[in-house]
Amino acid sequence: MRILIVEDQTAQAEYTQKALREGGHAVDLASDGKEGLYLATTEHYDAIVLDRMLPKVDGLTLLRTLRASGIATPVLLLSALAESDDRVEGLRAGSDDYLTKPFHTAELLARLEAITRRVTPQQAAQVQVLRVADLELDRLSRRVRRGGSVLDLQPREYQLLEYLMRHAGQVVTRTMLLEGVWDYHFDPGTNVIDVHISKLRAKVDAGGAPPLLHTVRGAGYRLGDPA
């Protein structure tokens, strides 16, 4: 899963991030509510771990804003407030679950797994269509558009683009692509990735459109706005 953690306590955030990454998940961090709200509304996440007490924008306000905007991403709300009224307030604000601090990492992981299994039709629709800028990929129809124009992709190019879009804004390494797209758990010693990236870039960034597929020298590739 791709998970967003919104937590202002750096040590807690980094510890949780480490635990989730060890579980095989991609994790982004936001240190305040304003940054968290921006990421939650501009990126796609499978789940959000949200602290209740945050600077700039508090957790409940952030949560209500997401729900009012029609964003149904599952949210696990974290708080040191353990009273029944506090939990009820958090759930009524739109959280899918409520976990009090301190907590065990195993319980956090179990609760995340539980809330992401509760997929509503609205959430399913969000997952079905991936968007990065004016690039859109529909997983159900397997149709890809950019700026309204349909892109004709070969099966492997489609798989590669879908993987990059699921990790939009992140640097994706060659090893990640070999494992996630080709299901190789070794380096085949060929330029297969370079060839397919080149072909995909020619289609995605065709016609003078602002480039979305970027090479990060010495690291890998990133799909997203140049900024």
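Right above here is the structure, for reference.
I will try to describe carefully the structure that is included in this document. Numbering of residues starts from 1 in every chain and runs along the sequence as written. Confidence filtering applies because this is a predicted model: local features only for residues at pLDDT of at least 70, side-chain atom pairs given and counted only at 80 or more, and all residues used for totals across whole chains, interfaces and linings. Side-chain metrics rest on all non-hydrogen atoms present in the structure, leaving aside hydrogens and water.

Turning to helix H2 (residues 33-42), a few remarks are in order. Every buried residue belonging to H2 is among Gly 33, Gly 36, Leu 37, Leu 39 and Ala 40, and all of these are buried. Looking at the buried residues of H2, the elements they touch are strand S1 (2-6), strand S2 (26-30), strand S3 (47-51) and helix H3 (59-68). Pairs of N or O atoms within 3.5 Å make up the polar contacts considered here, provided that, within protein, one atom can donate a hydrogen while the other can accept it, and that residues adjacent in sequence are counted only when both atoms are side-chain atoms. A run of DSSP states H or I qualifies as a helix once it reaches four residues; a run of E qualifies as a strand once it reaches two. Both are numbered from the N-terminal end. At the N-terminal end of H2, a side-chain oxygen is found 3.0 Å from the backbone nitrogen of Lys 34, two or three residues along, and the residue is Asp 32. Relative accessibility thresholds used throughout: buried, under 20% of the residue-type maximum; exposed, over 50%; partly exposed, between the two (1.4 Å probe, protein chains only). Contact criterion: two residues are considered in contact whenever any of their non-hydrogen atoms come within 4.5 Å of each other.

In short, DSSP must find at least two bridges between two strands for them to pair. Ordered by their spatial adjacency, five strands build an open sheet running S2-S1-S3-S4-S5, and the pairing between neighbours is parallel. Edge positions in the sheet fall to S2 and strand S5 (97-100), since each has one partner strand and no second. For this sheet, the mean angle separating the axes of adjacent strands, direction not counted, is 20°. In this sheet, S3 lies alongside S1 in parallel orientation, the contact comprising four bridges. Its bridge partner lying in S3, Val 6 is registered against Leu 50. Every axis corresponds to a line fitted to the C-alpha atoms, with the helix fit spanning only the stretch in contact, and the corresponding angles, defined between N-to-C directions, vary from 0 to 180 degrees.

Nonpolar cores are built from buried Ala, Val, Leu, Ile, Met, Phe, Trp, Tyr and Cys residues. Side-chain atoms within 4.5 Å join them into one set. Leu 135, Leu 161, Leu 164, Leu 177 and Leu 223 are the most contacted members of the largest nonpolar core, which totals 28 residues. Elements represented by at least two residues in this core include exactly strand S6 (129-132), strand S7 (135-138), helix H7 (155-166), helix H8 (174-180), helix H9 (192-204) and strand S11 (220-223). Of all the elements, H7 adds the most residues to this core, at six residues. Setting aside chain neighbours within four positions, we find Leu 177 in contact with Leu 160, Tyr 163, Leu 164, Val 172, Trp 182, Ile 193 and Tyr 221. Ranked by size, the runner-up nonpolar core spans 20 residues in total, among them Leu 37, Leu 50, Leu 60 and Tyr 98.

Turning our attention to the sheet that holds S7. Remark on secondary structure: sheet strands pair via backbone hydrogen bonds, oriented parallel or antiparallel. Reading across the sheet, the four strands line up as S6-S7-S8-S9 and stay open at both edges, with antiparallel pairing between neighbours. For this open sheet the edge positions go to S6 and strand S9 (149-151), each flanked by a neighbour on one side alone. Averaged over all pairs of adjacent strands, the angle between strand axes in this sheet comes to 25°, irrespective of strand direction. Two strands pair when backbone bridges link them, and strand S8 (residues 143-146) and S9 are joined in this way by three bridges, in the antiparallel orientation. Of the residues in S9, the one forming a bridge with Val 144 is Leu 151. Most of the contacts of H7 go to S7, to which it runs at about 115°, and overall it touches S6, S7 and S8.

In this fold, Arg 145 is placed in strand S8. A sequence separation of 59 residues divides Arg 145 from Val 204, and the C-alpha atoms of the two residues are 8.8 Å apart. In this structure, Arg 145 is in contact with Asp 134, Leu 135, Glu 136, Val 150 and Leu 151, ignoring residues within four places of it in sequence.

With respect to the helices and strands, Ala 26 occurs in strand S2. Judged by relative accessible area, which is 16%, Ala 26 ranks as buried. In sequence terms Ala 26 and Arg 64 are 38 residues apart; their C-alpha atoms lie 25 Å from each other.

Between H7 and H9, the least distance of the axes is 10 Å, while the angle of their chain directions is 80°. One finds that H7 runs roughly perpendicular with respect to H9. On H9, the residues touching Arg 156, Glu 157, Leu 160, Leu 161 and Leu 164 of H7 are His 196, Ile 197, Lys 199, Leu 200, Lys 203 and Val 204. As a working rule, the residues Ala, Val, Leu, Ile, Met, Phe, Trp, Tyr, Cys and Pro are called nonpolar, Asp, Glu, Lys and Arg charged, and the rest polar, with Gly in that last group. Looking at side-chain class alone, the contact of H7 with H9 contains six nonpolar, one polar and four charged residues. Angles are sorted into four bins: roughly parallel if under 35 degrees, roughly antiparallel if over 145, roughly perpendicular if 65 to 115, and oblique for all others.

Glancing now at unusual backbone geometry. With omega at -10°, the peptide bond leading from Lys 101 into Pro 102 counts as cis. Its location among the elements puts Pro 102 in the loop between S5 and helix H5 (105-117). The backbone of Ala 133 shows a phi angle near 55°, a positive value even though the residue is not glycine. Structurally, the position occupied by Ala 133 is in the loop between S6 and S7. The residue Arg 142 is not glycine, and still its phi comes out positive at about 60°.

Worth remembering: the numbers are spatial, not functional.
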